[in-house]
Amino acid sequence: MNINVYTEATPNPATMKFIVNKLLINGSADFATKESAEKSPFAKELYKFSFVNGVFFASNFVTVTKTEGSEWDDLLPILKEFVKGAVEAELAVQLEEQPEQGDFEGSDIEVKIQQILHDYVRPAVESDGGAITYKSFDDAGVVTVELRGSCSGCPSSTVTLKAGIESLLKRMVPEVTEVVSEAL
């Protein structure tokens, strides 16, 4: 199979999405630090570049966060070539398969929240090179989520969280009063 790699900017200026014409992983995997990449040969190799500051995988793309002071114009050719070679060499994204996330769990309200996040929010967040994970819903109506990939540390993530996700959940689940993001 001939592997093609193309790039797509994300709302986070420090991250770039490298999309390939092959499935890399079912689900997603976040390697926000060099230490966390020990279980990912692909991410571990990316972290050998001094300008790599974060690695996130989902379906057919890898999102790379660059260090401050480095320029995408200089990095894109290097990273595109690396990603192409890594995919062609079938470098593993994870050494161990992570268990598939099963059915949604919790109260009826929690299941409804998780379903909305899965059906409406997840595809939009993934298209920007990130991921969202449901964490909890408390008695005060506060939904806690975790933003990963390009969404983690993105300047526009607060707007996405409040104007987008919170607004949607409040409309569809009247019990929701607020949506907050858990810091990584």
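Because the structure is predicted, anything quoted here is derived from the model rather than measured.

Asker: Describe the sheet that holds strand 1 (residues 5-9), listing the residues and the values that go with them.
Answerer: Taken together, the five strands give an open sheet; going across it, the order is 1-2-5-4-3, and neighbouring strands pair in antiparallel fashion. Strands with a single pairing partner mark the edges of an open sheet, and in this sheet they are strand 1 and strand 3 (25-31). On average, each strand axis in the sheet is tilted by 20° relative to the strand beside it, whichever way the strands run. The sheet contact formed by strand 3 and strand 4 (residues 52-59) spans five bridges and is antiparallel. From the neighbouring strand, Ser 28 faces strand 4, where its bridge partner is Ala 58. Docked against the sheet, helix 2 (residues 72-88) engages strand 1, strand 2 (15-20), strand 4 and strand 5 (61-66), running at close to 35° with respect to strand 2.

Asker: Residues and numbers for the packing of helix 3 (residues 108-127) against helix 4 (residues 157-172), please.
Answerer: Between helix 3 and helix 4, whose axes approach to 11 Å, the crossing angle comes to 130°. One element, helix 3, and the other, helix 4, form an angle in the oblique class. The two elements helix 3 and helix 4 cross, and the hand of that crossing is right-handed. For the pair helix 3 and helix 4, contact is made by Lys 112, Ile 113, Ile 116, Leu 117, Tyr 120 and Val 121 and by Ile 165, Leu 168, Leu 169 and Met 172, respectively. When the residues that make up the contact of helix 3 with helix 4 are grouped by side-chain class, the tally is nine nonpolar, no polar and one charged.

Asker: I'd like to hear about the side chain of Thr 65, residue by residue, with values.
Answerer: Positionally, Thr 65 belongs in strand 5. Beyond its immediate sequence surroundings of up to four residues, Thr 65 is in contact with Ala 14, Thr 15, Phe 51, Val 52, Asn 53 and Gly 54.

Asker: For the packing of aromatic side chains, give the residues involved together with the corresponding values.
Answerer: With the rule as written, the count across this model stands at six aromatic pairs. Geometrically, the ring pair formed by Phe 42 and Phe 82 is edge-to-face, given 5.9 Å between the ring centres and 75° between the ring planes. You can see Phe 42 sitting in helix 1 (residues 41-46) and its partner Phe 82 sitting in helix 2, a full 40 residues away along the chain. For the pair Phe 42 and Phe 82, a shared accessibility class is recorded, and that class is buried. Summarising the aromatic geometry, the rings of Phe 49 and Phe 82 are spaced 5.5 Å apart at their centres and angled 85° between planes, so their arrangement reads as edge-to-face. One end of the pair, Phe 49, is in the loop between helix 1 and strand 4; the other, Phe 82, is in helix 2, with 33 residues separating them in the sequence. Three or more aromatic residues link up through ring pairs in this structure, and these residues are Phe 31, Phe 42, Phe 49, Phe 51, Phe 57 and Phe 82.

Cut-off values and rules
- Residues numbered from 1 in each chain as written.
- Predicted model: local features only at pLDDT ≥ 70, side-chain atom pairs only at ≥ 80, totals over all residues.
- Heavy atoms only, no water.
- Pairing = 2+ DSSP bridges.
- Helix = DSSP H or I, 4+ residues; strand = E, 2+ residues; numbered from the N terminus.
- Axes fitted to C-alpha atoms, helices over the stretch in contact; angles between N-to-C directions.
- Contact = heavy atoms within 4.5 Å.
- Parallel < 35°, antiparallel > 145°, perpendicular 65-115°, else oblique.
- Left-handed = near helix turned anticlockwise from the far one by under 90°.
- Nonpolar A, V, L, I, M, F, W, Y, C, P; charged D, E, K, R; others polar.
- Phe/Tyr/Trp six-rings, centres within 6.5 Å; stacked < 30°, edge-to-face > 60°.
- Buried < 20%, exposed > 50% of the residue type's maximum accessible area, 1.4 Å probe, protein only.

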